[in-house]
Amino acid sequence: MPNQYVLALDQGTTSSRAILFDRQGNVVARAQKEYEQLYPQAGWVEHNPMEILYSQMNALELVLGEIKGRVNLRDIACMGITNQRETTILWDKQTGRPVYNAIVWQCRRTADMCEQLKRDGHEPLIKQRTGLVVDAYFSGTKIKWILDNVPAARELAEQSRLLFGTVETWLIWNFTGGQSHVTDYSNASRTMLFDVDKLCWDEELCALLGVPMHILPKVVPSGAMHGELAQGLIGLTELAGVPITGAIGDQPAALFGQACFSPGMAKNTYGTGCFLLMNTGTKRVQSQHNLLTGVAWSLGDEITYAIEGSAFNAGSVIQWLRDELKLVDSAERCGELAESVDSANGVYLVPAFTGLGAPYWDMYARGTMVGLTRGVNRAHIARAVIECIPWQLCDLLAAMEADAGIKFTELRVDGGASVSDIMMQLQADFSQANVNRPRVTETTALGAAYIAGLTAGVWNSKDEIEQNRQVDRVFVPQLPRQQRNELYAGWQKAVQRSLAWVES
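Here is a short report on the structure shown in this document. (Residues numbered from 1 in each chain as written. Predicted model: local features only at pLDDT ≥ 70, side-chain atom pairs only at ≥ 80, totals over all residues. Heavy atoms only, no water.)

## Some words on the packing of aromatic side chains
- Applying the stated criterion to the full structure yields 21 aromatic pairs.
- Ring geometry for tyrosine 137 against phenylalanine 138: centres 4.8 Å apart, planes inclined by 35°, an arrangement best described as tilted.
- Judged by relative accessible area, tyrosine 137 falls into the buried class, the value being 0%.
- Relative to tryptophan 297, the ring of phenylalanine 256 has its centre 4.8 Å away and its plane inclined at 85°; by these criteria the two rings are edge-to-face. With phenylalanine 256 in helix 9 (residues 250-257) and tryptophan 297 in strand 17 (residues 292-299), this residue pair connects regions lying 41 residues apart in the sequence. Tryptophan 297 carries the same exposure label as phenylalanine 256, and that label is buried.
- Taking the ring centre of tryptophan 145 as reference, the NZ or CZ of arginine 109 above it sits at 4.6 Å. (Phe/Tyr/Trp six-rings, centres within 6.5 Å; stacked < 30°, edge-to-face > 60°. Buried < 20%, exposed > 50% of the residue type's maximum accessible area, 1.4 Å probe, protein only. Helix = DSSP H or I, 4+ residues; strand = E, 2+ residues; numbered from the N terminus. Lys NZ or Arg CZ within 6 Å of the ring centre and 35° of its normal.)

Right under this line is the structure:
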């Protein structure tokens, strides 16, 4: 038992990572491979499913190379998978080839379809059954778009050869040699086709969107036997037979990895987007403030629900500053510039590049920068980029506090951008709550590892996992509340300027 390790695959929006953890939750080895983002039209976002697969396999292969001679592969007990949610892939189960690119969660192409569903009066039913609002964010309308626009997809569906999956389903199917077509409750909860109370695919919603139910994966608990790594995987033959005992969407995985096991505990992940989740226990909360509810995780018969708010663009805003505007050459440089000035000089950036998520849910909002004067320089713009991320979270916190009837005093944080001290201090200042950053910030992958390891017996209880968590730093609010409120009023004014920019 002391020598057991758990592998975690963390398939994200811009990169695929593989991480090996020990029983103390420490990172033993990690590797990351970025892959191409595809933007065929304004507001459209796609990935090549084969590139997703190969980048994930390559990251895992790199980890095996790193641990060679240090770790006995027979001591790897199991594997857990976590993934970007909602991103939709359809493929031919005979050939294994996708019929179209993966339509990414950020993609807005089905916005008009969603508006039609609202006009036809279907939103109350969808919200009641799924815990979701009607939005292009979710998988259901993405599936319908592919079926309506890719003739091969409809033909394969009629021949019972078509399979649908979110990214973890796609990876599991490939890693098991096509033997396992499954999804877990947390990922199924994000399709707009899943009844989160009855815990099954909803026949009426599938019919509404014209989705054949035979293309859907079997829904199983997050902690379950999802299959074994197949023989003959290129570069991974040494791992053949390792069981996949955990699968969970990236944001609930981070909630689990942060040991937010009690109702009322919350975390925020700073990734491509910004994702705030609060554990609501065995009860599903019906949001009155445009937040989402669904299954966070399931271990055997134990179901845990969460309430969630999402901002579509967070870390991606820094990437935009680096890759598109080329104002900085690295994320670190963005932070350095932001720290070189004591304010954004009145500038606000609303990063509605792909619309606005909760609590606005405006598919037609677009990115907006306001407050520009002749005295604004590159450092002020970098500061506005950094500030827009915690400002978005303030909107989410306000909605969640209203739904839950509590005032947050602490927020646990993780994700790539959480390593930025200036951003975390701004988050504490803007939210007027302590920001608790763990020593291991790879909590998304860690959550997948913990789910898998609990199922495989590497860890015996959630109490054991909670004892593993170590705090790196707690950021305490330093900005006077009155000054914060004045700045927040400016942010809310800027958001109003971004709404409904594109006409439906």
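Continuing now.
## Thoughts on unusual backbone geometry
- Geometrically, the link from alanine 358 to proline 359 is a cis peptide bond, its omega value of -5° lying close to zero.
- Within the secondary structure, proline 359 is located in the loop between strand 19 (348-350) and strand 20 (368-370).
- Unlike most non-glycine residues, alanine 259 shows phi in positive territory, near 60°.
- Inspection of the secondary structure puts alanine 259 in the loop between helix 9 and strand 15 (266-270).
- Residue asparagine 345 is not a glycine yet carries a positive backbone phi of 55°.
- Residue placement: asparagine 345 occurs in the loop between helix 11 (331-339) and strand 19.
- The exposure class of asparagine 345 is partly exposed, given its relative accessible area of 31%.

## Quick look at helix 16 (residues 481-498)
- If you check helix 16, its first and last C-alpha atoms are 26 Å apart, about what 18 residues at 1.5 Å a residue would give, namely 26 Å.
- Inspection of helix 16 places Arg484, Tyr488, Gly490, Trp491, Ala494, Val495 and Ser498 among the buried residues, and these make up the whole buried set. Projection of helix 16 onto a plane perpendicular to its axis shows the buried side chains occupying an angular sector of 155°, all on one side. Facing away from the buried surface of helix 16 by more than 90 degrees, the exposed residues are Gln482, Glu486 and Lys493.
- Residues of helix 16 that are buried make contact with strand 19, strand 20, helix 12 (378-404) and helix 13 (421-431).
- Two residues or fewer after helix 16 comes alanine 500, characterised by a positive phi angle close to 55°. (Expected span 1.5 Å × (residues − 1). Arc of directions from axis to C-beta. Contact = heavy atoms within 4.5 Å.)

## Comments concerning the nonpolar core
- Of all hydrophobic cores here, the largest spans 142 residues; its most connected members are Leu162, Phe256, Tyr270 and Trp297.
- Considering each element in turn, this core owes the most residues, 15 residues, to helix 12.
- Ignoring anything within four residues of it in the chain, the contact list for tyrosine 270 reads Ile389, Leu393, Leu411, Val413, Asp414, Gly415, Gly416, Ala417, Ser418, Met423, Met424 and Gln427.
- By size, the runner-up hydrophobic cluster in this structure holds 41 residues, among which are Met79, Ile81, Leu163 and Trp170. (Core = buried A, V, L, I, M, F, W, Y, C linked by side-chain atoms within 4.5 Å.)

## Describing the pattern of salt bridges
- Taken as a whole, this structure holds 28 salt bridges when the rule is applied.
- Across the pair glutamate 86 and arginine 85 runs a salt bridge, and its minimum N-O distance is 3.9 Å.
- Taking the relative accessible area as the measure of exposure, glutamate 86 reaches 2% and is therefore buried.
- Accessibility expressed as a relative area gives 4% for arginine 85, which makes it buried.
- Three or more residues joined by partner-sharing salt bridges are found here, namely Arg85, Glu86, Arg190, Asp250 and Glu308. (Salt bridge = Lys/Arg side-chain N within 4 Å of Asp/Glu carboxyl O.)

## Considerations on the packing of helix 12 against helix 16
- The geometry of helix 12 relative to helix 16 is characterised by a closest axis approach of 11 Å and an angle of 90° between their N-to-C directions. With respect to helix 16, the axis of helix 12 lies roughly perpendicular. Contact residues: helix 12 offers Cys388, Trp391, Gln392, Cys394 and Asp395, while helix 16 offers Arg484, Leu487, Tyr488 and Trp491.
- Here the residues of the contact of helix 12 with helix 16 sort into 6 nonpolar, 1 polar and 2 charged. (Axes fitted to C-alpha atoms, helices over the stretch in contact; angles between N-to-C directions. Parallel < 35°, antiparallel > 145°, perpendicular 65-115°, else oblique. Nonpolar A, V, L, I, M, F, W, Y, C, P; charged D, E, K, R; others polar.)

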